Amino acid sequence: MAGHTVVRTQPHDIPDGAGGERSAREHPDHSIGRDPAGRDALDDVVDETRPCVAVWRGHGRHDAEKTASHTAAMTVRDDLDRFIASERDRFTAELRELCAIPCEASDKRALDAAARWCRERLRAAGFADARELRADSAPALVVGETGAGKRTLIGVQHYDVQPAVPLELWKSPPYDPAMRDGAMYARGVDDNKGHLLLRIQAVEAHRAVYGELPIRVRFLIEGEEESGSPNLASLLAREPDLTGGDGALKEGGAIDSQGRPLLSLGGKGILYCHFRVRTMSRDAHSGGATHYPNAAMRLAHAFASLMDPRGRVLIEGFYDDVREPTAAEAEMLERMPFDSQATRDVVGIERFAFGRGDDDAKRASVFEPTCNVCGIESGYNGPGSKTVIPCEATGKIDFRLVPDQDPDYIAELLRAHLDRSGFGDVDFSAEEGEHPYRGPADAPLVRAVAAVAEEAFGKPVVLIPSSGGTSPMWVVCNARRMANVTLGMGHPGAGAHAPNEHILMENYWRAMRATAGLYTRFASQQ
Ligand SMILES: [Zn+2]
């Protein structure tokens, strides 16, 4: 018996995938993305002198920040801090209100309520034309624009959230936002309601402190992002002006375990397929397994035909459109930190899949497409035994795609592969398709975001050519090859899509400060 102790994963150990680390709440000594001095979250923004990036870089030490105080430029920054501090109760109450709306894909009324809430919040912030666009009865796309200037920044955001289940793993109800130890807990507070709201509140902050926006800011806030944005492209096609701009602020955004802002310049695409195979009209006694076809085995074989043991997808033509990283992207990868040990530890593995070494795993996380079985169901899996030959099996696979793979074309290649390999009886439907998008790094928007993020967070930024997740940026950015970037506040233990999702309010105010600064900076950034 000894040596076979099963160590069960605690609920809070659920990996969030972003940084591969545990919740800072549960592991205070990890102090992820937290100011090591542990100062009070709210007062921090108000009273502390802001780190000056030049000084920070020069000394690279925390105490250097504190000496970089009374320069002339500080006055304006302090005004911004003071405004944010004076409004923080109202801003926090608004965040609670938005997070209390349970807008999961299955709750049509809640989605409508959230769309209305966003529309009204935009109007209150001076987006006079804020309105809802709809395709049939699908959740609305809320759009609105404000400001004036040569440049236009498009905020691509969403108000829908992932399901909160399993509810028993939440320490407080997911739609009753709770504040604990400087953090707000609620489904969607990180992904993406907090990010969405702080970008609107930053418009107010900008107007109050700096005056009118020197750029146009347009929001596209959808309610189907977590379902693969099925109507976004057609809604935007109706009004092509909505995608006219000079750069896009992606949803979300994060800082890493050392508090460095992570600027993601792209995302993988996705093709999500539902499989089904039926081999007989009904289940049969397993004594007949000598001559009755087993659906579970059939599906297992079909899935096995898709990938070799090294992780290479075997669908003919699958890699044909994969774009080679540019020299600049390769260099970004080189500079990108990758905590391989922490990434393994969070899921309790000693080696990465497919025999990948640390460097290969890091490169693949940015530049490689995937074929991932999300689930298989067939036959009997209840208590005890049942000797049965299942007549039907179902399964789901997601392919994360990289530029310039096209989800529709990959679905065609998949069908051809199954037919050619003798699996003509294995059906699948492509339920979600989204193009990958990797925007330019050499762009004014990226430089502007890097500058304001470094100023607000006091750490150098990390540029990531592409994150592993998917956002609908291709639809918005591809025609003009527009730059897109994240500027956010999620910390590695934020738990997006997982129980006990939360944000650190300290980071919320910092990100708001950065975003308000961006609205000025982007106007003149070369
Ligand atoms: Zn999201």
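Thresholds applied
Residues numbered from 1 in each chain as written. Predicted model: local features only at pLDDT ≥ 70, side-chain atom pairs only at ≥ 80, totals over all residues. Heavy atoms only, no water. Pairing = 2+ DSSP bridges. Helix = DSSP H or I, 4+ residues; strand = E, 2+ residues; numbered from the N terminus. Axes fitted to C-alpha atoms, helices over the stretch in contact; angles between N-to-C directions. Contact = heavy atoms within 4.5 Å. Buried < 20%, exposed > 50% of the residue type's maximum accessible area, 1.4 Å probe, protein only. Donors = N, O, S within 2.8 Å, 3.2 Å for Na, K, Ca; no water. Salt bridge = Lys/Arg side-chain N within 4 Å of Asp/Glu carboxyl O. Expected span 1.5 Å × (residues − 1). Parallel < 35°, antiparallel > 145°, perpendicular 65-115°, else oblique. Left-handed = near helix turned anticlockwise from the far one by under 90°. pLDDT = per-residue confidence, 0-100. Nonpolar A, V, L, I, M, F, W, Y, C, P; charged D, E, K, R; others polar. Core = buried A, V, L, I, M, F, W, Y, C linked by side-chain atoms within 4.5 Å.

Next up on the list: the sheet that holds strand 5 (residues 183-185). Ordered in space as 4-5-20, the 3 strands form an open sheet in which the pairing is antiparallel. Strands at the two margins of the open sheet, each flanked by one partner only, are strand 4 (178-180) and strand 20 (502-504). The sheet shows a mean angle of 25° between the axes of neighbouring strands, taken without regard to direction. When strand 5 meets strand 20, the two strands line up antiparallel, connected through 3 bridges. Along strand 20, the bridge assignment pairs Met184 with Ile503. Against the sheet, helix 15 (residues 505-524) engages strand 4, strand 5 and strand 20, with an angle of about 70° to strand 20.

A few words on the environment of Pro492. Here Pro492 shows up in the loop between strand 19 (484-485) and strand 20. The class for Pro492 is buried, based on a relative accessible area of 5%.

Distances from the zinc ion to its protein donors, His158 (NE2), Asp191 (OD) and Glu251 (OE), fall at 1.9 to 2.2 Å. Look at Asp191 and you get buried, because its relative accessible area is 11%. Since its relative accessible area comes to 12%, Glu251 is described here as buried.

Attention now moves to helix 11 (residues 358-367). Taken together, the buried positions of helix 11 are occupied by Ala361, Lys362, Ala364, Val366 and Phe367. If you follow the buried residues of helix 11, they end up packed against helix 9 (327-335) and strand 17 (437-438).

With the rule as written, the count across this model stands at 34 salt bridges. Two residues, Arg513 and Asp81, come together in a salt bridge whose shortest N-O distance is 2.7 Å. Separated by 432 residues along the polypeptide, Arg513 in helix 15 and Asp81 in helix 4 (residues 74-99) bring together distant segments of the chain. An identical accessibility class is assigned to Arg513 and Asp81; each is buried. The shortest N-O distance in the salt bridge between Glu392 and Arg276 comes to 2.8 Å. Taken together, the residues span a long stretch of sequence, with Glu392 in strand 15 (residues 392-401) and Arg276 in strand 11 (residues 269-278) at a distance of 116 residues. Overlapping salt bridges, with partners in common, bring together Lys108, Asp112, Arg119, Glu120, Arg123, Glu132 and Arg134 in one network.

Compared with the 30 Å implied by 1.5 Å per residue over 21 residues, the 26 Å span of helix 6 (residues 189-209) between its first and last C-alpha is markedly short. Where helix 6 ends, the next residue or the one after it, Gly211, has phi of about 95°, a positive value.

Packing of helix 13 (residues 444-457) against helix 15 brings their axes to within 8 Å, and their N-to-C directions diverge by 140°. Considering their axes alone, helix 13 and helix 15 lie oblique with respect to each other. Seen from above, helix 13 lies across helix 15 with right-handed handedness. Residues Pro444, Leu445, Ala448, Val449, Ala451, Val452, Ala453, Glu455, Ala456 and Phe457 of helix 13 form the contact with helix 15, whose own contacting residues are Asn507, Arg510, Ala511, Arg513, Ala514, Gly517, Leu518, Arg521 and Phe522.

In the predicted model, the chain carries a mean pLDDT of 87, and the fraction of residues at 70 or more is 85%. In the predicted structure, residues 1-76 sits below a pLDDT of 50 and forms 119 contacts with residues beyond four places in sequence or in another chain.

Turning next to the sheet that holds strand 18 (residues 462-464). If you trace the 3 strands from one edge of the open sheet to the other, you get 8-9-18, paired in mixed fashion. The open sheet terminates on both sides in strands that have one partner only, identified here as strand 8 (254-255) and strand 18.

Another aspect to go through is the packing of helix 9 against helix 11. Describing two packed helices takes the angle between their axes plus the distance from one axis to the other. Look at helix 9 against helix 11: their axes get within 11 Å of each other, and the N-to-C directions meet at 130°. Accordingly, the angle class assigned to the pair helix 9 and helix 11 is oblique. Helix 9 and helix 11 meet at a crossing whose hand is right-handed. Contact residues: Glu329, Leu333 and Glu334 in helix 9; Lys362, Arg363, Val366 and Phe367 in helix 11. By residue class, the composition of the contact of helix 9 with helix 11 is 3 nonpolar, no polar and 4 charged.

Grouped together as the largest cluster of nonpolar side chains are 69 residues, with contacts concentrated most on Leu95, Tyr159, Tyr508, Leu518 and Tyr519. Those elements that place two or more of their residues in this core are helix 4, helix 5 (108-124), helix 6, strand 6 (216-222), helix 13 and helix 15. Sequence-distant contacts of Tyr508, that is, excluding residues within four places in its chain, are made with Leu95, Gly194, Leu197, Leu198, Gln201, Met489 and Ile503.

Of note, the amide linkage connecting Asp191 to Asn192 takes the cis form, showing an omega dihedral of 5°. Within the secondary structure, Asn192 is located in helix 6. Of note, the amide linkage connecting Pro403 to Asp404 takes the cis form, showing an omega dihedral of 0°. Of note, the phi angle at Asp136 is positive, near 50°, even though the residue is not glycine. When you line up the elements, Asp136 lands in the loop between strand 1 (131-133) and strand 2 (141-146). Judged by relative accessible area, Asp136 falls into the exposed class, the value being 77%. Residues other than glycine seldom take positive phi values, yet Arg481 does so here, at roughly 50°.

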